[in-house]
Amino acid sequence: MPPLSDPSGPAIEIRFVAETGSTNADMQALALEGASEGLWLRAGRQSAGRGRMGRQWEGEEGNLYASTLIRLCPADPPAPTLALVAAVAVHRGIAEFVGSDAIRIKWPNDIMAGNAKLCGMLLERTGDAVILGIGVNVAQAPALADRQTASLRDLGAAHCDAQALLERVAAHFAGLLDQWRHFGVEPVARAWQEHAHAPGTPLAALLPNGQHIEGRFERLDHDGALVLRLADGTSHAIHAGDVFLI
Ligand code: BTN
């Protein structure tokens, strides 16, 4: 497929494979071989998709499974804030098909339809590269024991397919990455906040060490951490974990 043109950054190239284990694993290998920013890899199916917190990501046909890489520069904002860039890009892409009122961002970068998860993202660091993997339930919502899921089809996007969605997401991501590099985290954090849970929203967090914390959303920290206001009035910054709307 020829590169899509984007005036604000490097050329976007989307490669396609019918099936692979994990596009994140493949993109890690491509990064080590010297692949450039702007490259995306999309798979029709994944057999060993990786999710956050060591989970698996189901790989049904018709959904979007794609990864890209970001080459970190010394002057870049903190790398974890790329999670916000990705969230806003994917939110904008999906909103083009279902409207922005139907979806919301949940920290750090899940896209939700009500309490149901539509999309998950995984950022993994490999040397100076960050691999961003995106999974969107376009055609099918996998049945999961521990959370509700929804698909774009469920939201009425009958004509959206994974390739069309990725082209829009990749274009938004290129523009937002450029903005992040040149103007810092602030504008992207503002865009994130416009489409995420409002301050005061009750949230529960399950931390990687198994600790469970409940509080109300206070704000995003400068490094992208989630700051919760706990019942005792103290603030608690969360850098990693699973967050649930309660
Ligand atoms: C999550 O747990 O919410 C993150 C899921 C990320 C899944 C995507 S699918 C494409 C890419 N390749 C992977 O192996 N994982 C990510």
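Residues numbered from 1 in each chain as written. Predicted model: local features only at pLDDT ≥ 70, side-chain atom pairs only at ≥ 80, totals over all residues. Heavy atoms only, no water.

Peer 1: How do you make sense of unusual backbone geometry when you look at a structure like this?
Peer 2: A negative phi angle is the norm for most residues apart from glycine, just as the trans form is the norm for most peptide bonds. Here the residue pair Trp107 and Pro108 is connected by a cis peptide bond, since its omega of -5 degrees sits within 30 degrees of zero. Locating Pro108 in the fold gives a position in the loop between strand E6 (104–106) and strand E7 (110–113). Backbone geometry at Met53 places phi at a positive 55 degrees, although glycine is not the residue there. Residue position: Met53 is located in the loop between strand E3 (49–50) and strand E4 (56–57). Judged by its relative accessible area of 38%, Met53 falls in the partly exposed class. (Helix = DSSP H or I, 4+ residues; strand = E, 2+ residues; numbered from the N terminus. Buried < 20%, exposed > 50% of the residue type's maximum accessible area, 1.4 Å probe, protein only.)

Peer 1: Just checking my understanding: could you explain the pattern of salt bridges for this structure?
Peer 2: Two side chains bearing opposite charge may form a pair once their charged atoms approach each other closely. Tallying each qualifying case throughout the model produces 17 salt bridges. Note that Glu61 and Arg45 form a salt bridge whose closest N and O atoms lie 3.5 Å from each other. Here the residue Glu61 occupies a position in the loop between E4 and strand E5 (64–71), and Arg45 occupies one in strand E2 (residues 39–46), the gap between them amounting to 16 residues. By relative accessible area, which is 51% here, Glu61 ends up exposed. The closest approach of N and O atoms between Asp221 and Arg219, which form a salt bridge, is 3.2 Å. The partly exposed category is assigned to Arg219, whose relative accessible area is 37%. One continuous salt-bridge network, built from bridges that share partners, spans Arg52, Arg55, Asp146, Arg147 and Asp242. (Salt bridge = Lys/Arg side-chain N within 4 Å of Asp/Glu carboxyl O.)

Peer 1: Got a minute to help me understand the site of the ligand in this structure?
Peer 2: Close to the ligand lie 21 residues; Ser22, Gln46, Arg50, Arg52 and Lys117 are nearest. Between Asn24 and the ligand, the recorded distance is 3.4 Å, taken from a backbone N or O atom to a nitrogen atom. At a separation of 2.9 Å, a nitrogen atom of the ligand approaches a polar side-chain atom of Gln46. Listing elements by their share of the shell around the ligand, those giving two or more residues are helix H1 (23–32), E3, E5, strand E8 (116–126) and strand E9 (129–136). Here the element with the most residues in the shell around the ligand is E8; it accounts for four residues. (Near = heavy atom within 4 Å. Polar contact = N/O pair within 3.5 Å; in protein donor to acceptor, adjacent residues only side chain to side chain.)

Peer 1: What am I meant to see in the environment of Asn24 here?
Peer 2: Relative to the helices and strands, Asn24 is located in helix H1. On the basis of relative accessible area, Asn24 is assigned to the buried category, the value being 4%. Residues Asn24 and Arg125, 101 residues apart in the sequence, show an inter-C-alpha distance of 11 Å. Aside from chain neighbours lying at most four places away, what touches Asn24 is Arg50, Ser67, Leu122, Glu124, Ile131, Leu132 and Gly133. At 2.6 Å, the side chain of Asn24 forms a polar contact with the side chain of Ser67. (Contact = heavy atoms within 4.5 Å.)

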